[in-house]
Every structure is written in C-alpha cells, then in structure tokens.
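# Understanding the architecture of this molecule
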There are 2 protein chains.
Amino acid sequence: MSAWEQNVRKVVPYVPGEQPGQEGIIKLNTNENPYPPAPGVARALREMESKQLRLYPDPAASVLVEALAGRYGLRPEQVFVGVGSDDVLAMAFLTFFNSGKPILFPDITYSFYDVWAKLFGIPYACQMLDENFCIRREDYVRENGGIVLANPNAPTGVAESIEGIRWILDKNPGIIVIIDEAYIDFGGDSAVSLIPEYENLLVVQTFSKSRSMAGMRIGCALGQPKLIKYLNDVKYSFNSYTMDLPALKLGVESVKDEEYFQETLRRIVATRERVKTELGKLGFVFPDSRSNFVFVSHPRIQARELFEALKERRIYVRYFPKPRIDNYLRITIGTDEEMDVLLDFLKKYVRQKER
Amino acid sequence: MSAWEQNVRKVVPYVPGEQPGQEGIIKLNTNENPYPPAPGVARALREMESKQLRLYPDPAASVLVEALAGRYGLRPEQVFVGVGSDDVLAMAFLTFFNSGKPILFPDITYSFYDVWAKLFGIPYACQMLDENFCIRREDYVRENGGIVLANPNAPTGVAESIEGIRWILDKNPGIIVIIDEAYIDFGGDSAVSLIPEYENLLVVQTFSKSRSMAGMRIGCALGQPKLIKYLNDVKYSFNSYTMDLPALKLGVESVKDEEYFQETLRRIVATRERVKTELGKLGFVFPDSRSNFVFVSHPRIQARELFEALKERRIYVRYFPKPRIDNYLRITIGTDEEMDVLLDFLKKYVRQKER
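Worth saying up front: this structure is predicted, and the values here are computed from it rather than measured.

### Observations regarding the pattern of salt bridges
By the definition in use, this model includes 44 salt bridges over all chains. For Lys51 of chain B, the salt bridge is made with Glu49 of chain B, and the minimal N-O distance between the two is 4.0 Å. Residue Asp139 of chain B pairs with Arg136 of chain B through a salt bridge whose shortest N-O separation is 3.3 Å. Residue Asp139 of chain B is classed as buried on the basis of its relative accessible area, which comes to 16%. The exposure class assigned to Arg136 of chain B is partly exposed, which follows from its relative accessible area of 34%. Taken together, the salt bridges that share partners define one network made up of Arg272, Glu273, Lys276 and Asp288 of chain A.

### Some thoughts on a positive patch on the surface
There is a patch of like positive charges on the surface, built from Arg313, Lys347, Lys348, Arg351 and Arg355 of chain A. Mapped onto the elements of the fold, Arg313 of chain A is located in the loop between helix 9 (303-312) and strand 10 (315-316).

### As for the relation of the copies chain B and chain A
One copy of the chain maps onto the second through a rotation around an axis plus a translation along that axis. Once chain B has been moved 0.0 Å along the axis and rotated by 180°, it coincides with chain A to within an RMSD of 0.0 Å. What the rotation and shift describe, once combined, is the action of a two-fold rotation axis. When each C-alpha of chain B is compared by its distance to the rotation axis, Arg46 of chain B comes out closest, at 3.1 Å. Of the interface residues in chain B, 100% have counterparts in chain A that sit at the interface too, so the contact is made through matching surfaces.

### Structural notes on the interface of chain B and chain A
Listed by partner, the interface residues are 82 residues for chain B and 82 residues for chain A. Interface area, chain B with chain A, both sides summed: about 6900 Å², of which 61% is carbon and sulfur. Looking at the side of chain B facing chain A, the largest losses of area belong to Trp4, Tyr56 and Phe238 of chain B, adding up to 13% of the total buried there. On the surface where chain B and chain A come into contact, there are two salt bridges. Where Lys226 of chain B meets Glu5 of chain A, a salt bridge forms, and the shortest distance between an N and an O atom there is 2.8 Å. Where chain B meets chain A, there are 42 residue pairs in polar contact (both at pLDDT 80 or more). Elements that contribute at least two residues to the side of chain B that touches chain A include exactly helix 1 (39-47), helix 3 (84-96), helix 4 (113-120), helix 6 (225-238) and helix 7 (245-256) of chain B. For the side of chain B that touches chain A, the element with the highest residue contribution is helix 6 of chain B, accounting for eight residues. Of the residues contributing to the side of chain B that touches chain A, the split by class is 47 nonpolar, 19 polar and 16 charged.

### Side note on helix 4 of chain B
Residue and element names in this part refer to chain B. Along helix 4, six of the eight residues are buried, which leaves the element largely enclosed by surrounding structure. Those residues of helix 4 lying buried are Tyr113, Val115, Trp116, Ala117, Leu119 and Phe120. Where helix 4 terminates, the next one or two residues include Gly121, which has phi positive at roughly 70°.

### Some thoughts on helix 3 (residues 84-96) of chain A
Helix length check: helix 3 of chain A (13 residues) gives 19 Å between terminal C-alpha atoms against 18 Å at 1.5 Å per residue, within 8%. Extensive coverage of helix 3 of chain A is indicated by the burial of 13 of its 13 residues.

Reading guide: rules and limits
All chains use their own residue numbering, which begins from 1 and follows the written sequence. Written order decides the labels, with chains lettered from A and ligands numbered from 1. Only residues with pLDDT of at least 70 are given local features in this predicted model, and only at 80 or more are side-chain atom pairs given and counted; all residues enter the totals for whole chains, interfaces and linings. For the side-chain quantities, the full set of heavy atoms in the structure was used; hydrogens and water were omitted. The salt bridge criterion pairs a side-chain nitrogen of Lys or Arg with a carboxyl oxygen of Asp or Glu, the two atoms within 4 Å. We call a residue buried when its accessible area falls under 20% of the maximum for its residue type, exposed when it is over 50%, and partly exposed in between, using a 1.4 Å probe and counting protein chains only. For patch detection, residues must exceed 30% relative accessible area and be free of salt bridges, and they are connected within 9 Å for like charges or within 5 Å for nonpolar side chains (Val, Leu, Ile, Met, Phe, Trp, Tyr). All accessibility values rest on the Shrake-Rupley procedure with a 1.4 Å probe; residue burial counts only the protein chains present in the view. His is not counted here, nor are the chain ends, while Lys and Arg score as positive and Asp and Glu score as negative. In plain terms, the charge of a residue is placed at NZ if it is Lys, CZ if Arg, CG if Asp and CD if Glu. By definition, any uninterrupted DSSP run of H or I lasting at least four residues is a helix, any uninterrupted run of E lasting at least two residues is a strand, and each is numbered from the N terminus. To superpose the copies, least squares is applied to the C-alpha atoms of every residue with a pLDDT of at least 70 in both. When checking whether two residues touch, look at their non-hydrogen atoms; a contact exists if any pair is within 4.5 Å. Once two parts are brought into contact, the accessible area they lose, counted with a 1.4 Å probe and summed over both, makes up the buried area. N or O atoms closer than or at 3.5 Å make up a polar contact, with two conditions inside protein: a donor-capable atom paired with an acceptor-capable one, and, for residues adjacent in sequence, both atoms drawn from side chains. Under the convention adopted here, Pro, Cys and the residues Ala, Val, Leu, Ile, Met, Phe, Trp and Tyr are nonpolar, Asp, Glu, Lys and Arg are charged, and Gly plus all remaining residues are polar. Given the number of residues in a helix, its expected span is that number minus one, multiplied by 1.5 Å.

Function-wise, these values are silent; they only describe arrangement.
Structural data, given as structure tokens:
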C-alpha cells in the first residue's frame, strides 16, 4: 500500500438501484414517477438558451427558494436547496451531528443514513422497528446526538403520525430531529406544519418522486431560519454554486403548477390502492403503504427468487438482502399499464407455484 | 444558545463573487467566458425532452466520463466528475487529506482551499509566494499531509512550469498532490501529461471557464485509477447522483467540439495580450497572466478606490481585501468590446488622477 493510501477516507459506499439503459423494461426499482414533470417544465426547457450557461448561477438559488417558500407558507430564510435530497441530508449530517453522541434512526430505513454517519465519523445507534415495521416512540427517548426519521419510511412505506413526530420532538428539545419526507406527498402528514413550534426540526423533501424530476437533482430542507442559516454556511463552505441554471429554472416551474402536481399524485395513489387490492388477492402481505411503492412478501414464495423471475421478464423491482427484510420486494407504483403487466405476471407465477 | 447549536459545525464560508442580476453591466468579476458554449450544447438543449427528467441520471455519469477520457487520452477509470471543480476539490480534500499533518498551499491562491481545510478539520500551512507571486519550490519539501497548487494560480494568473510540478512530485512520493487547473486552457502546461508517471497526482479541471459553462456546474478530476476509485467511493457515500441529466448531455457536447473550444481560447488569449499591452501603457503593473484574467496594480491609484469607481460605471471586477494583494484588482478578460469600454474608462481615470 502506498503511503498516501493510509490517509484515504475509506468507505463502503451506498449502492443505488440499477439504472438499466435498455429500452422496453418496466422499471419499478428506484421509486421514480411514471408521469412526466409539469408542462411548465417542458416550456422552460424549450425557452432556455445555451448562452445563458456561460454565467455562474445565483449561488443563493433565490428563484427556487422563493417559489418553495411560497408553496409552503414559509419565508425564504426557512428554505435550503441542494442537489437532490441526498445532498441536502449529507449537508445536514455534516452540519448538525457533531456532538460525539450517537444519532438515532430505525434499523430498517433509508440505507444511506448509516453511510453518511460512517463517512463523517458520526456514531449511530439503530432502533428496531416493531414487527409491523412501526417506530417504537420510546426508543427515541435516550441520550443522543440527533434523530433521523424517514416519514413515510423507506423501504416499508409505513407512515408515522404527526402526533408521533410531535411526541418525539417534545422529548428531544435541544436535539436536531430530521424528518426525511421523500415520499410524504403520496399520503403522509407532513411535519412542515410543526416548523413554527420547533426550532430543532428540519424537514427534508425531494423533487425526485412526487415532482417527476429525479433526473434534475433537486431537494430541499425546511426549518426555522437559524437552522437554515447554519446549513447554508456549511454549503457555502463546500460548494457555493450547487444548483445549476436548468435546476433553478425547471424547478420553479414544477413548484408553480400545483394543479398538475395534485392530479399526478391522485393518479399514483389510485393505482397504488388498486395494486394493493390485487396483490392481497394473490396472497401477498405488506404494511400499509403511504408512498409510491409497496413493500411486499409472500408466504410461499421467496422474494429473491421472485426478484430474479421478474428481472428475467424485464420487470425491475428492488430487493434488499438485509436482515429482517430479505424476504420482501419493494415495488414502485408505475402507470396502470405497467402495473397490469406486473400483476399478470404475478398471477401466473403464484398460480404455477401453488399448483 | 440552544443545546443543538453547540454541536453545529461552525464555519466562515467562502464568499463567491457578486452575481448582479441587472442588465447592462460589464461583468468581469468571476472569470466567466464571454462567449457562449459550443453550438452542440445549444442543439442538445433543444433536443432534450422534459419527460426524460422523471428518471434518475446515470450515477456513474458514463457518457461524460467517456467523452473526457477520450479527450485526454485516458481510460474512463481515470476520470471523476462532479458539480463544478469546487465539488470535485471538496470531495478530494475529504477523501485524501486525513493524515493529521498539515496540507500545504500558497498564501495567495484560490481562497476556497483554507475554507475546505477548516470545514473538514484538516490542518494546513500556507507557503509564501515570492515577491513576483511565484512558488518557491523548496517550500514544498517538508513533512506534510498533501499539497494543493492552482496552476495557473488564482487570483494572480501566474503559471508554474511542468518541470516545477514534476520537481515537487518527485520530492513528495506518497503524498497526494492536487493541481487545480481551472485556468490551464488559457495558456499553462497541463500536468495531465504526468499522470502515467505519478500515482499520487490528481489534476482538477472545470467547464466553468474555458468551456463557457459556469451555469451548468461541471468539473472533473484526472488521475490514476486507484485515486479515482477512492474518490468515487466517497462521492457515492455522499450523493450517488450528483450530475443531472442536462449536465451529462450538454457536457458531452462541449467536450466533443474541439475546434470551437480552441477557437474560443484563441480569441480570449488574443484579447488578453492586447489588454496587457494597453494596461502597461497606462502604468498598470501585473504578473504575466496565463489565465483568462489579469491581476493588476497601479503605482498611483488605490485598488479599492478604482474598484468602487468601476462599479459605479457598472463595470464589475474583483477586489480581495487581503494581506499582500489588497492593492490589486482581478479583471476577467471579456469580449474585445467589453475590454474597450474598460480601457476607455481607465484611460480617462488615470489621466484625471495624474493631472
């Protein structure tokens, strides 16, 4: 090993879901939205001129920050934006979790939390979800250096009530509590309503799911101005110009079109509820999802086996070979047509297995 | 102070140059390129469809990585890309500078280096440039945890020879040496040619200056595969999807058009040389710039005063109120027309002062 290698920060990186390049697959593995972004996004894209790109973008991302502030009834000083919610969460870990005490998050949750903790040398302690994949609130009442909860949780889809979040906040004054609401728009109760009451609450959201803009890399954090100021200070110390011009221009258009946004959500939720019913009929079991995916298991079919069979049929879903969830598949809600292909396949597969 | 505030990572952030929103100003303060990106960039922008944005981009940024590898005669495993060279440099600091020993860089250089060092808790020791703003090579022969050199240097524009870089590399086996080549295309000798010989050399470049794409946030690091692998591991642990779809698509088009690239550089260099001659006639003194800016001082006019006078005339340049350089202005090379307006103003200003 070369001398310099001894000083390298060595990590086991997060492994993102496959992004297969081929045409003709049904891609239900990374929780993307099956519908396009709002029509205004297409219009803004058409109107962009490449000569505008020669200048640096606004480092404060003001147009986007102001649009989000308006959407959420907040002031611009309460909004932080980043390159996807992963960037926002990474910055938040780096900014707020420096106490030396362990931060707390569930044992089954977004698998990036422990990756960030390891990257930044933050101690952490996973708290076991109960047998229904629900948070046990009392687990979050102990000495800690921060709390991170995905709500609805991933990859389970289980939502925590706003009362539950409030209870945890009340028990942890002086502790930063991050609520990662990547999937909130599909049916959960947002903690944004609690921001005026709790200066230690940071709510993180993304444009990648409900706003159909995973390819554009936009995420945001919402909280009281003091929190956002600290986050911006660290961001400006890392990379002053994170949001490129297309992200600013197209992001704003998405936020502006509330009607399209709600209509898209309605369609996905309707499909999800129909898929739940059909999957139930086939014997699948799953926690009640409030997100744009379902997390399913079958009493008589191994998840890994089904994962491979689906892949062979060119239907990509997500399988996590991890304790407690290695017999589950996470299936993104696609269009009705995509879900019909999936359900047809599953019907035949289950019938054949039970013959 | 709230309890959580005690655990906040507190920083004094980098202050980027002003990005004034008004029309009609002459913007020579952040080293942007006065010419638009390559015509292929405009075409790719027109051909983008917003529905493509619903999917995550390729986390490996393969199309862009491959285009850059081809351009530099490297293999794709030797190329890392990020959200501007600031993102690339931040990742490199985080990845490679963990020895506890001070990293070395000049006292006058890109003002983000000490900001990153402070952000990540990396000790550092600034090495004084000589009176001509040149590096003293022997300053980089001492126990250290890494070396960072901007070449050409900012904000001075002074270039170090490839022999100088090689000498420093030879004296520092087992130490990561980062050469920040943000301005290399305007006339310096790139250290990319040394990559096959030195496994500890990382060369960082950006699309923000020579490629006219500051608004698109693209930077890259070039080095031996082992170095790039470590950098990617940390990147994947921070944010898997950093490069959005427009950055990938438009970035590739810029790299493809070598002819336009060279022609743009020729124009800027020609303007720079003419501006140098004219400034010399007016009594300005400056180190010989190999970049897209000049770093000028006048024996009889205070830099700060001139900075304010220019701003009033709606000509923005950069002033750094820092030791040893607080009587200098950094002036970006714009179009010939922009520089003529600047030169006319300076002629009158100097004449009036000397009356």
